[in-house]
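What the coordinates show
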Amino acid sequence: MIRLPWPLPAVLAWSSGWLLLLLLQRLLPPLWALVLATVWCTLVSLLGDSFWRRALIVLGFPLSLVLTGMASVPQWVWLLPLGLLLAVYPLHAWRDAPLFPTPADALNGLPDHAWLEPGAHVLDAGCGLGDGLLALRQAYPLAHWHGLEWSRPLRWLCARRCPWAEVRRGDIWQESWGPYALVYLFQRPESMARAWAKANADMTPGAWLVSLEFTVPDVTPFTHYTLDGERTVWIYQIGHMPADQ
């Protein structure tokens, strides 16, 4: 999963869907080939950076088949991709961050700033497919890793991708962050104030809140570092009062 500029996600989904359909038609009945190609396009649609662009991608695939004459599309096929998309990205989670992965080496600098005892518990809040957990494991190889994800399909996939972590389905805003020495987020800018309030309410003094890209408004971070001159990792410590405050 990578971030692609629009409309590349749509082009990638449709072209790969057409190719897969052509290959599957040689092996399977046409209807099964169509269903599997549609499922594939639904998964690739997660590269879209909003729900509506994802919906455009998944609906555009059957439409492209009709317009090009590649397949006769049953009416129910139009509901299949939207149903799958809602399962992966449920309505409950629309207010949270879209499915953007954490770069593999993004958190390697964390131990230089946020030191943890061996065996400390760390949480990826909204773990998606597990890229943040993989980065946390690389940064803190002696920690205990935990993931919370509301989407059932994403939680299932993450748990299989990261079998060494405890990955549970849950609402990151309802579950307590108290047991964790560090909570990592890749959220939206507008949710960072809520995250900071929750961290202060749940976590013990000295614990860490780490955010990729987005700052807590009106709060001075403990420190930060920049990745390749682009994204920034913001590090906050519970109970830490900067000298200028």
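Residues numbered from 1 in each chain as written. Predicted model: local features only at pLDDT ≥ 70, side-chain atom pairs only at ≥ 80, totals over all residues. Heavy atoms only, no water.

Per an unreviewed UniProt entry, the protein is named Class I SAM-dependent methyltransferase, and its organism is Giesbergeria sinuosa.

Before going further, it helps to examine the packing of aromatic side chains. Across all of its chains, the model carries 5 aromatic pairs by this definition. An angle of 80° between the planes, with centres 5.3 Å apart, marks the rings of Trp145 and Trp164 as edge-to-face. Here Trp164 lies in the loop between α6 (152-161) and β3 (166-169) and Trp145 lies in strand β2 (residues 144-149), a separation of 19 residues in the sequence. Look at Trp145 and you get buried, because its relative accessible area is 12%. Residue Trp164 is classed as partly exposed on the basis of its relative accessible area of 22%. When the ring of Phe186 is compared with that of Phe214, the centres are 6.4 Å apart and the planes differ by 40°; the resulting orientation is tilted. (Phe/Tyr/Trp six-rings, centres within 6.5 Å; stacked < 30°, edge-to-face > 60°. Helix = DSSP H or I, 4+ residues; strand = E, 2+ residues; numbered from the N terminus. Buried < 20%, exposed > 50% of the residue type's maximum accessible area, 1.4 Å probe, protein only.)

Another aspect to go through is the packing of helix α1 (residues 8-24) against helix α2 (residues 30-44). Running from amino to carboxyl end, α1 crosses α2 at an angle of 155°, the nearest separation of the two axes being 9 Å. By the angle between their directions, the pair α1 and α2 is classed as roughly antiparallel. When you trace α1 past α2, the crossing you get is right-handed. Along the contact surface, α1 presents Pro9, Leu12, Ala13, Ser16, Gly17, Leu20, Leu21 and Leu24, while α2 presents Ala33, Leu34, Leu36, Ala37, Trp40, Cys41 and Val44. (Axes fitted to C-alpha atoms, helices over the stretch in contact; angles between N-to-C directions. Parallel < 35°, antiparallel > 145°, perpendicular 65-115°, else oblique. Left-handed = near helix turned anticlockwise from the far one by under 90°. Contact = heavy atoms within 4.5 Å.)

One finds Leu107, Leu110, Leu133, Tyr140, Leu182, Tyr184 and Val233 to be the most contacted residues of the largest nonpolar core, which totals 30 residues. Of all the secondary-structure elements, those providing two or more residues to this core are α5 (131-139), α6, β4 (182-185), β5 (208-212), β6 (223-227) and β7 (231-237). Top contributing element to this core by residue count: α5, with 4 residues. Sequence-distant contacts of Leu107, defined by excluding residues within four places in its chain, comprise Gly132, Ala135, Leu136, Ala139, Tyr184, Tyr225 and Val233. Of all hydrophobic cores here, the second largest spans 20 residues; its members include Leu148, Tyr180, Trp196 and Leu209. (Core = buried A, V, L, I, M, F, W, Y, C linked by side-chain atoms within 4.5 Å.)

What follows concerns the environment of Gly60. On the secondary structure map, Gly60 appears in helix α3 (residues 51-68). Residue class for Gly60 comes out buried when judged on its relative accessible area of 11%. Sequence separation between Gly60 and Cys41 is 19 residues; the distance between their C-alpha atoms is 9.5 Å.

In the structure shown here, the tally under the stated rule is 0 disulfides. The thiol of Cys127 is unpaired, and the distance to the nearest cysteine sulfur, on Cys158, comes to 3.8 Å. The class of Cys127 is buried, set by a relative accessible area of 4%. (Disulfide = S-S within 2.5 Å.)

We now examine helix α7 (residues 192-202). Considered for burial, the residues of α7 that qualify are Met192, Ala195, Trp196, Lys198 and Ala199. One side of α7 holds all its buried residues, which, seen down the axis, span an arc of 165°. Looking at the buried side of α7, the elements it contacts are β4, β5 and β7. (Arc of directions from axis to C-beta.)

With that settled, consider the sheet that holds β7. Backbone-to-backbone hydrogen bonds pair the strands of a sheet. The strands run either parallel or antiparallel. Reading across the sheet, the 7 strands line up as β3-β2-β1-β4-β5-β7-β6 and stay open at both edges, with mixed pairing between neighbours. Bordering the open sheet on either side are β3 and β6, each of which pairs with just one other strand. The sheet shows a mean angle of 20° between the axes of neighbouring strands, direction not considered. Most of the contacts of α6 go to β3, to which it runs at about 170°, and overall it touches β2 and β3. Sitting on the sheet, α7 is in contact with β4, β5 and β7, with an inclination near 165° to β5. (Pairing = 2+ DSSP bridges.)

The next thing to look at is the pattern of salt bridges. Enumeration according to the criterion identifies 5 salt bridges in this entry. Arg168 is the partner of Glu175 in a salt bridge, and the nearest nitrogen-oxygen pair spans 3.6 Å. You can call Arg168 partly exposed: its relative accessible area is 28%. Where Lys198 meets Asp202, a salt bridge forms, and the shortest distance between an N and an O atom there is 2.7 Å. One end of the pair, Lys198, and the other, Asp202, are both in helix α7, 4 residues apart, so they sit about a helical turn from each other. Taking relative accessible area as the criterion, Asp202 reaches 25% and is therefore assigned partly exposed. (Salt bridge = Lys/Arg side-chain N within 4 Å of Asp/Glu carboxyl O.)

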